[in-house]
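Residue-level structure breakdown
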Amino acid sequence: MNDPPLLSITGLHKRFGGLVVTRDVNLDIPRGETHGLIGPNGAGKTTLLSQLQGDLAPNAGTIRLAGRDIVGLSPDKRARMGIARSFQIAALLPEFTVLQNVGIAVQARLGHSFRFWRLATRDPALTGPAREALAEVGLESEAATPAAFLSHGAKRQLEIAIALAMKPALLLLDEPMAGLGKQEAVAMTRLIARLKGAYTILLVEHDMEAVFSLCDRISVLVAGALVATGSPSEIRDDARVRAAYLGH
Amino acid sequence: MDEPVRPRTACPSRDGLVIAAIVAAFACLPPVANAIDQPFLIRVGQRVVIFALAASALNLTLGFGGMISLMHAAFFGLGAYVVAILSFHEVNGDSLGTGPLALVGTSHLALSLPLAVAAGAAVSALLGAAALRTTGVYFIMITLAFNQMLFYYFVAQQTYGGEDGLQIPGALDLAGLDPARRTPYFYVCLAIFAVALVGLQRVVGSRFGMVLRGAKQNERRVITVGVPAFRYKLAAFAISGALTALAGGLMAGAEQFVSPAEMSWSRSGELVVMCVLGGLDTVWGPALGAAAFLILEFGLSNYTTHWQLPFGLIVIAVAAFSREDVAAWARRAGWRA
Ligand SMILES: Nc1ncnc2c1ncn2[C@@H]1O[C@H](COP(=O)(O)OP(=O)(O)OP(=O)(O)O)[C@@H](O)[C@H]1O
Ligand SMILES: [Mg+2]
């Protein structure tokens, strides 16, 4: 038997009242793949990520991580099982420094935090891995800056550093390029290219150039339903995708 | 909308110095009071130290955890009642409760204070587990309701004096020391306060403290990296409740008297005001806030029976207009590291 895919979604369904935002979604993502998820605004991409990460509960369907059904597990439990998520709208700890923002993710990975005495900011078991994660995204120079004072681009990098510090099995990235300038977007694309292969990535992104260059496979979500999954060239040539989404 | 807060970068050595300075200043009070022949000031100082302990305990949840609790007076009163009721039963010679739960009374604070702490921890954990299911205004309202529940519980205890309160009938004893001897008891309370403050200073900088402070800023973020925030907030609430009950127990020792008035919801509000006055972002700020509060109350009540009016105006001025607090003022005045 082969190993089960790292992520396996079957029959996933989610409604907000009468609005169906996830419609019978089936998707397997093998370990190591960088998978793109594209679709028009309001297609349900963020909602799908939220169901994977645990902020939202689906109405029906299963989500398996390495074969284990995780629907019903709390978001913190899923995080400890290896699901990391960066948010579309940066969700940081504004009063904490960049290093402290990452440190809390390291802390979570190292076991419980019922430790009451030792100063966390001077604990090399936390600051070491936190600095490594900052180095990976190129944010070391900002380690002592409070997160509230970062530029928009640096906040996006910090989101990624926090996710990396969790040493995740699955990285869920929700529009990491959103609002970035041209140069910042190029740097972010390079960063994700470096992560590719080392992590299994589900990348939601509107920057088509980035998605088509980075991803091994791409899925297209329209009104909650997956209308196509395939290699970048297959998706580019898919008539339904062109009609429904790319529109050119 | 999302105006960045100017974050306070922690400076552990500076905070340690401030704590030492506050304890040293309090320690000067008895000799000074005796020198100027105003020994009643020791009694005022006693209150200051005990409320400084209670406010510091509250601030673990209020300032560092962002949980606005209006039930801490109930924990304070609970601790006081544990000490008073245990002593009451020792003097009466009957036991408390029945069967396997029977407990003989005691007037030894070395026994009753730890029991007050345990009761504070247990009750705050239990009620906190329910209250922490809510946030924001709902949390404030539910803690207020719990406070009143405990308040009326003790009002209804006719055996223990009901709403008139309970005079502790015998002499208490703390490892050979009679708390009625004000000066030595003052120093015992001060030592306990100092140890608590140093402990709290460590806690807020520890991994536990990082989780607590992180959850205050953005609980969802903390959960998303894998931390079950709820149990840390609950643990902080229980630690805070236990320390507040300890302060209440010490107060029962100092006053030889407990009353439900100590646990009215307005007293809970006063503890919050002490924290706000002193500043919510340091461990030592609330102690200064408690001192400022009690000294103002004491000073203004000498001039007018309507002292609450000028007092309220001062509090509003501090909270709303200047957006300054004693800690910030002190920092600017010389502790700029
Ligand atoms: N909590 C909610 N309650 C009700 N409706 C919601 C909720 N969250 C999202 N929606 C709706 O569900 C739909 C899908 O939203 P979602 O944020 O998942 O889209 P998206 O594909 O991520 O869009 P975008 O590209 O703009 O980020 C939208 O119509 C949105 O208005
Ligand atoms: Mg979205």
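Residues numbered from 1 in each chain as written. Chains lettered and ligands numbered in written order. Predicted model: local features only at pLDDT ≥ 70, side-chain atom pairs only at ≥ 80, totals over all residues. Heavy atoms only, no water.

Let's shift gears to the overall build of chain A. The helix and strand tally for chain A stands at nine helices and ten strands. The buried share among the 248 residues of chain A stands at 53%. Nonlocal contacts in chain A, meaning residues at least 24 apart in sequence, comprise 65% of its contacts between residues at least 6 apart. For chain A, the accessible surface area stands at approximately 10,400 Å², while carbon and sulfur atoms represent 52% of it. (Helix = DSSP H or I, 4+ residues; strand = E, 2+ residues; numbered from the N terminus. Buried < 20%, exposed > 50% of the residue type's maximum accessible area, 1.4 Å probe, protein only. Contact = heavy atoms within 4.5 Å. Areas by Shrake-Rupley, 256 points an atom, 1.4 Å probe, with all protein chains shown as cover.)

Further remarks concern the packing of aromatic side chains. Under the criterion given, the structure shown has 16 aromatic pairs over all chains. Each ring, one from Phe-114 of chain A and one from Phe-116 of chain A, has its centre 6.3 Å from the other, and the planes form 45°; the classification is tilted. Judged by relative accessible area, Phe-114 of chain A falls into the partly exposed class, the value being 29%. Consider the rings of Phe-151 of chain B and Tyr-152 of chain B, whose centres lie 4.9 Å apart with planes at 80°: the pair is edge-to-face. Classification of Phe-151 of chain B as buried rests on a relative accessible area of 15%. Site record: aromatic cluster; members linked through ring pairs are Phe-114 and Phe-116 of chain A together with Phe-208 and Tyr-232 of chain B. (Phe/Tyr/Trp six-rings, centres within 6.5 Å; stacked < 30°, edge-to-face > 60°.)

In this section: the pattern of salt bridges. In total, this model carries twelve salt bridges over all chains according to the counting rule given. For Arg-221 of chain B, the salt bridge identified is with Glu-159 of chain A, shortest N-O distance 3.0 Å. One end of the pair, Arg-221 of chain B, is in helix α8 (residues 207-224); the other, Glu-159 of chain A, is in helix α5 (residues 152-165), on a second chain. We note that Arg-221 of chain B, like Glu-159 of chain A, is buried. A salt bridge links Arg-267 of chain B to Glu-262 of chain B; the shortest N-O distance between them is 2.8 Å. For the residue pair Arg-267 of chain B and Glu-262 of chain B, the accessibility class agrees, reading buried in each case. Salt bridges here are not isolated pairs; linked through shared partners, they connect Asp-55 and Arg-85 of chain A together with Arg-220 of chain B. (Salt bridge = Lys/Arg side-chain N within 4 Å of Asp/Glu carboxyl O.)

Of all residues in chain A, 97% attain a pLDDT of 70 or more, and the chain-wide mean is 94. Looking at the elements of chain A, mean pLDDT is at its lowest for helix α9 (residues 239-246) of chain A, recorded as 72, and at its highest for strand β8 (residues 200-204) of chain A, recorded as 98. (pLDDT = per-residue confidence, 0-100.)

Residues and elements named next belong to chain B. On the surface, Val-137, Tyr-138 and Met-141 cluster together to form a nonpolar patch covering roughly 370 Å² of accessible area. Position of Val-137 relative to the elements: it lies in helix α6 (residues 136-155). For Val-137, a relative accessible area of 56% gives the class exposed. (Patch = residues over 30% accessible without salt bridge, like charges linked within 9 Å, V, L, I, M, F, W, Y side chains within 5 Å.)

All names here are of chain A. Thr-46 (OG1) and Gln-88 (OE1) make up the full set of protein donors to the magnesium ion (ligand 2), lying at 1.9 to 2.2 Å. Of the two residues, Thr-46 is situated in helix α1 (residues 45-53) and Gln-88 in the loop between β6 (83-86) and α3 (98-109); the sequence distance between them amounts to 42 residues. Using a relative accessible area of 27% as the deciding quantity, one classes Thr-46 as partly exposed. (Donors = N, O, S within 2.8 Å, 3.2 Å for Na, K, Ca; no water.)

Listed by partner, the interface residues are 32 residues for chain B and 40 residues for chain A. For the chain B and chain A pair, buried surface summed over both sides reaches about 3,500 Å², with 64% attributable to carbon and sulfur atoms. Of all residues in chain B, Arg-207, Gln-217 and Arg-221 of chain B bury the most surface against chain A, accounting for 24% of the area lost on that side. The partner of Asp-55 of chain A in a salt bridge is Arg-220 of chain B, and the shortest N-O contact between them spans 2.5 Å. Put simply, chain B and chain A have 15 residue pairs in polar contact (both at pLDDT 80 or more) between them. Secondary structure elements with two or more residues in the side of chain B that touches chain A: α7 (182-205), α8 and α9 (229-255) of chain B. No other element matches the 14 residues that α8 of chain B contributes to the side of chain B that touches chain A. For the side of chain B that touches chain A, the class distribution of residues is 16 nonpolar, eight polar and eight charged. (Buried area = accessible area lost by both parts, 1.4 Å probe. Polar contact = N/O pair within 3.5 Å; in protein donor to acceptor, adjacent residues only side chain to side chain. Nonpolar A, V, L, I, M, F, W, Y, C, P; charged D, E, K, R; others polar.)

Attention now moves to the sheet that holds strand β5 (residues 68-69) of chain A. Residues and elements named next belong to chain A. Read across the sheet, four strands follow the order β2-β1-β4-β5 without closing on themselves; strand pairing throughout is antiparallel. Because the sheet does not close on itself, it has two edges, and the strands there are β2 (19-29) and β5. Where strand β4 (residues 60-65) meets β5, two bridges bridge the pair, whose relative direction is antiparallel. What sits directly across from Arg-64, in β5, is Asp-69. (Pairing = 2+ DSSP bridges.)

Moving on, we get to helix α3 (residues 40-62) of chain B. Compared with an ideal rise of 1.5 Å per residue, which puts 23 residues at 33 Å, α3 of chain B spans 32 Å between its outermost C-alpha atoms and is within 8% of the ideal. With 19 of its 23 residues buried, α3 of chain B lies for the most part within the structure. (Expected span 1.5 Å × (residues − 1).)

So, about the sheet that holds β8 of chain A. Residue and element names in this part refer to chain A. Taken in spatial order, the six strands line up as β6-β7-β8-β3-β9-β10 in an open sheet, and their pairing is mixed. If you trace the sheet from one side to the other, it starts and ends with β6 and β10 (225-230), each paired once. Recorded for the sheet is a direction-independent mean angle of 15° between the axes of neighbouring strands. For strand β3 (residues 34-38) and strand β9 (residues 217-222), the ladder comprises four bridges, and the chain directions are parallel. Within β9, the position partnered with Gly-36 by the bridge is Ile-218. (Axes fitted to C-alpha atoms, helices over the stretch in contact; angles between N-to-C directions.)

It is worth spelling out the site of ligand 1 at this point. All names here are of chain A. Not every one of the 14 residues close to ligand 1 is listed here, only the nearest: Asn-41, Gly-42, Lys-45, Thr-46 and Thr-47. Separating an oxygen atom of ligand 1 from a side-chain N or O atom of Asn-41 is a distance of 2.8 Å. Between Ala-43 and ligand 1, the recorded distance is 3.2 Å, taken from a backbone N or O atom to an oxygen atom. Look at ligand 1: alone it shows 640 Å² of surface, and the protein chains cover 61% of it. Of all the secondary-structure elements, those providing two or more residues to the shell around ligand 1 are β2 and α1. Considering every element that reaches the shell around ligand 1, the biggest residue donor is α1, with three residues. By residue class, the composition of the shell around ligand 1 is five nonpolar, seven polar and two charged. (Near = heavy atom within 4 Å.)

Here the focus is the pairing of β2 of chain A. All names here are of chain A. In terms of strand pairing, strand β1 (residues 7-16) meets β2 through seven bridges, oriented antiparallel. Looking at β2, one finds that Arg-15 is bridged to Val-20. Once β1 ends, the chain turns through two residues before running back antiparallel as β2, passing Gly-17 with a positive phi of about 60°.

Of all hydrophobic cores here, the largest spans 157 residues; its most connected members are Val-102, Leu-134, Leu-158 and Leu-171 of chain A together with Phe-26 and Phe-193 of chain B. Not counting chain neighbours up to four residues away, the residues in contact with Leu-134 of chain A comprise Val-98, Leu-99, Val-102, Leu-139, Glu-140, Ala-143, Leu-158 and Ala-161 of chain A. Core analysis: the next-biggest nonpolar cluster, separate from the first, contains 21 residues, Ala-43, Leu-48, Ile-70 and Leu-170 of chain A among them. (Core = buried A, V, L, I, M, F, W, Y, C linked by side-chain atoms within 4.5 Å.)

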